[in-house]
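# Observations on chain architecture
The primary structure of each chain is shown beneath.
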Amino acid sequence: MTTIARRTRDLTASRAPFVHATVVRAQDPTSARPGDDAVILPDGTIEGFVGGVCAENSVRAAALDALRDGSALLLRVLPDGAPAFPDTPGARVVVNPCHSGGALEIFLRPVLPAPVLGLVGDTPISAAVATLAAFLDFEVVTSGDHSGATAVVVAGLGKGEQDAIRAALDAGVGHIALVASRTRGAAVLDELTLTDAERARVRTPAGLEIGARSPQEIALSIMAEVVRALRVDGLSSSPATPVALPQQAIDPVCGMTVLIGPDTPHVQIDGTDHWFCCPGCLDRYVAA
């Protein structure tokens, strides 16, 4: 196993968001070769190798965009005036004036933590929900600790429901599904004396109305509602671990997007900050 492969495994196990970058095409002269790869962390740090300093700046900026929206991206890094690669629909093209003369295509794949589903109850319905949620690549947690949970399903059928709902609300969970009839569910919520905002976060009866009868069908309706909340309603898949991304700036010499960090070349002139992709651009700007 390579160093980067081990690193991606460890980051995934620790539920840390990152982007895996792989060079898929290289046109000489360039220092990178197909198969070279790296991981990019939310602070812009690159571990591994996907090209020189100019390519790295473009990869950093594109990787952070991929982390923001969770979508994979094919990045084409081309020198100004060089022959173009074959057309690739949907790719992002970046022209780097300071590039050594070659061209690169780099595939950027964001790896985000799996959404966490908190599950309360020891019933046939909770067992069916656990099986389906795992199939849908959710991390199922039954410990009662709802911190970081995307959603919580309370399927105790009368056992420990109020405590579970209160704990999920206090943990900031945005989608809480209570398995109960409409009448009993309303009674449970009334006893909790919730605010309007808190009550809006609890769905009861849980799940979409599909005429479900068996535990498996009820689980399907519950998880369909959770997925809809994620994909349509904007429910955060990792509410306790927001990705804090660094600020970006435009190099006034070459026009490249650079990340602002402690090691980014920088100068302040007349009270205005200017950031650069490399010391060479900084020197040319100061000289001018």
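For clarity, every value in this text was computed on a predicted model and none was experimentally measured.

As a further point, take the overall build of the protein. Within the protein, the regular secondary structure consists of eight helices and 15 strands. The globule rule puts the C-alpha radius of gyration for 288 residues at 19 Å, and the 25 Å found for the protein is more than 25% above it. Principal axes of the C-alpha set define a box for the protein whose edges measure 75 × 45 × 30 Å. When each of the 288 residues of the protein is scored for burial, the buried share is 44%. For the protein, contacts bridging at least 24 residues in sequence account for 56% of all contacts bridging at least 6. On the protein, roughly 14300 Å² of surface is accessible, and the fraction owed to carbon and sulfur atoms is 53%. Charge centroids of the protein, computed over 22 positive and 32 negative side chains, lie 5 Å from each other.

This part takes up the pairing of strand β1 (residues 18-27). Consecutive residues of a regular strand have side chains that alternate between opposite faces of the sheet. Pairing geometry for β1 and strand β6 (residues 103-111), over nine bridges, is antiparallel. Paired with A21 across the two strands is L108, which belongs to β6. Of the strand pairs in this sheet, β1 and strand β2 (residues 37-40) are connected by four bridges, and their pairing is antiparallel. From the neighbouring strand, V19 faces β2, where its bridge partner is I40.

Per the UniProt record, the feature "domain: XdhC Rossmann" (unreviewed entry) sits at residues 119-226. Helix makes up 46% of residues 119-226 and strand 13%, whereas the separation of the span's terminal C-alpha atoms amounts to 13 Å.

Here we take up the side chain of H20. Within the fold, H20 resides in strand β1. Sequence-distant contacts of H20, that is, excluding residues within four places in its chain, are made with I4, T8, D37, A38, V39, F107, L108 and R109.

According to UniProt, the "domain: XdhC- CoxI" (unreviewed entry) feature falls on residues 13-76. When the span residues 13-76 is considered, its composition is 28% helix and 33% strand, and the gap between its end C-alpha atoms is 30 Å.

Let us now look at helix α5 (residues 182-192). Where α5 is concerned, the buried positions are G185, V188, L189 and L192. One side of α5 holds all its buried residues, which, seen down the axis, span an arc of 95°. Exposed side chains of α5 directed beyond 90 degrees from the buried face belong to T183 and E191. Elements that come into contact with the buried residues of α5 comprise α4 (161-170), β10 (176-178), α6 (196-200) and β11 (202-203).

Turning our eyes to something else, we now look at the side chain of E161. Tracing the backbone through its elements, the reader meets E161 in helix α4. Reaching out from E161, the side chain makes a polar contact with the side chain of R184 at a distance of 2.7 Å. When near neighbours in sequence (up to four residues on either side) are disregarded, E161 contacts V154, G156, L178, V179, R184 and V188.

The subject of this paragraph is the pairing of strand β15 (residues 272-275). Inspection of the sheet shows strand β14 (residues 266-269) paired to β15 by four bridges, in the antiparallel sense. Bridged to V267 within β15 is H274. Adjacent in sequence and paired antiparallel, β14 and β15 are bridged by two residues, among which D270 carries a positive phi angle near 55°.

Attention now moves to the packing of helix α3 (residues 124-135) against helix α7 (residues 215-231). At a closest axis distance of 8 Å, the pairing of α3 and α7 adopts a crossing angle of 55°. For the element pair α3 / α7, the angle class is oblique. Pair α3 / α7 crosses with right-handed handedness. Contacts between α3 and α7 pair P124, I125, A128, V129, L132 and A133 from the former with P215, Q216, I218, A219, L220, I222 and M223 from the latter.

Let's shift gears to the sheet that holds β10. The five strands lie next to each other as β8-β7-β9-β10-β11, forming an open sheet whose pairing is parallel. Looking at which strands have only one partner, the edges of the open sheet turn out to be β8 (139-141) and β11. With four bridges joining them, strand β7 (residues 116-120) and strand β9 (residues 151-154) adopt parallel strand pairing. Across the sheet, L119 pairs through a bridge with V153, a residue of β9.

The rules behind the values
- Residues numbered from 1 in each chain as written.
- Predicted model: local features only at pLDDT ≥ 70, side-chain atom pairs only at ≥ 80, totals over all residues.
- Heavy atoms only, no water.
- Helix = DSSP H or I, 4+ residues; strand = E, 2+ residues; numbered from the N terminus.
- Rg over C-alpha atoms; globule rule 2.2 N^0.38 Å.
- Buried < 20%, exposed > 50% of the residue type's maximum accessible area, 1.4 Å probe, protein only.
- Contact = heavy atoms within 4.5 Å.
- Areas by Shrake-Rupley, 256 points an atom, 1.4 Å probe, with all protein chains shown as cover.
- Lys, Arg positive; Asp, Glu negative; His and termini not counted.
- Charge placed at Lys NZ, Arg CZ, Asp CG, Glu CD.
- Pairing = 2+ DSSP bridges.
- UniProt positions renumbered as here; feature names shortened; annotations may be inferred.
- Arc of directions from axis to C-beta.
- Polar contact = N/O pair within 3.5 Å; in protein donor to acceptor, adjacent residues only side chain to side chain.
- Axes fitted to C-alpha atoms, helices over the stretch in contact; angles between N-to-C directions.
- Parallel < 35°, antiparallel > 145°, perpendicular 65-115°, else oblique.
- Left-handed = near helix turned anticlockwise from the far one by under 90°.

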